[in-house]
Amino acid sequence: MTQLKKDATGRLATIGDLLGSAFAGLAAGAAVLLIFEAVMALTGLGEFGESNGWLALILPVWLFVEEFRAEGFGAHRIMVSGLAAGFGVAAGMTVAGVVSEVAPPLVSGGSGALTGTVVYCLVWFYGLRWLSHRSG
């Protein structure tokens, strides 16, 4: 098992560590959501696949909040997190909208959550480093 690399402030130091941690959180959230769906379908309280796949985002959002806190104070973290969230939500909603025409809400929401997570990670990681170097 490999240890995650963190910088002096406590942020994840590489894009691979950030994406890997986010994907691990998505996988855990998706597994819990699938178990919930199976229990609901087996008890007759709903059909399998009708829950919202966006619920898988709970752990990645927690990771993003911890990354935000570890960054410390400054306007650059607020600006980059706003941009990352905006682009992530826009990309995720676009993918979820396209997939919703051919798949149930569990799959369309899950694909939107995956897309939004990847976009957020990329904008946060590279945007924060670029803006930090520009602002000194």
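See the structure printed just above.
My aim in this report is to walk through the structure given alongside it, one point at a time. Only a predicted model underlies this, so the values are computations on that prediction, with no experimental measurement involved.

### Details of the pattern of salt bridges
With the rule as written, the count across this model stands at one salt bridge. Arg69 serves as the salt-bridge partner of Glu66, at 3.0 Å between the closest nitrogen and oxygen. Separated by three residues within a single helix, Glu66 and Arg69 lie in helix H2 (residues 58-71), roughly one turn from each other. Arg69 gets classed as exposed once you look at its relative accessible area, which sits at 56%.

### Quick word on the packing of H2 against helix H3 (residues 75-99)
The geometry of H2 relative to H3 is characterised by a closest axis approach of 9 Å and an angle of 160° between their N-to-C directions. If you check the angle between H2 and H3, you find them roughly antiparallel. Here the hand of the crossing between H2 and H3 comes out right-handed. Seen from H2, the contacting residues are Phe68, Arg69 and Glu71; seen from H3, they are His76, Arg77, Ile78 and Ser81.

### A look at the environment of Trp62
Along the chain, Trp62 turns up in helix H2. Residues Trp62 and Tyr126 lie 64 residues apart in sequence; the distance between their C-alpha atoms is 19 Å.

### What to know about the nonpolar core
Counting 15 residues, the largest nonpolar core has Leu18, Leu63, Phe64, Cys121 and Trp124 as its most contacted members. Per-element tally for this core: the top contributor is helix H4 (residues 105-135), with six residues. Contact partners of Leu63, with chain neighbours within four places excluded, come to Leu12, Leu18, Ser21 and Ala22.

Rules behind the numbers
Within every chain, residues take consecutive numbers counted from 1 along the sequence as written. Local features in this predicted model are restricted to residues whose pLDDT is 70 or higher, and side-chain atom pairs enter the listing and the counts only when it is 80 or higher, whereas totals over whole chains, interfaces and linings include all residues. Only hydrogens and water are removed before side-chain values are computed, so all heavy atoms of the structure are retained for them. For salt bridges, the criterion is a side-chain nitrogen of Lys or Arg within 4 Å of an Asp or Glu carboxyl oxygen. Think of it this way: any DSSP run of H or I at least four residues long counts as a helix, any run of E at least two long counts as a strand, and we number them from the N terminus. Here the term buried applies to any residue with accessible area under 20% of the maximum for its type, exposed to any over 50%, and partly exposed to those in between, with areas from a 1.4 Å probe on protein chains only. A fitted line through C-alpha atoms serves as each axis, taken over the contacting stretch for helices, and the angle formed by two N-to-C directions is quoted from 0 to 180°. The scheme is simple: roughly parallel for angles under 35 degrees, roughly antiparallel for over 145, roughly perpendicular for 65 to 115, oblique for anything else. Helix crossings get a hand from a simple test, with the near helix turned counterclockwise from the far one by less than a right angle marking a left-handed crossing and a clockwise turn marking a right-handed one. Throughout, a contact is declared for two residues whenever any of their heavy atoms are within 4.5 Å. By nonpolar core we mean a set of buried residues, namely Ala, Val, Leu, Ile, Met, Phe, Trp, Tyr and Cys, connected to one another through side-chain atoms within 4.5 Å.

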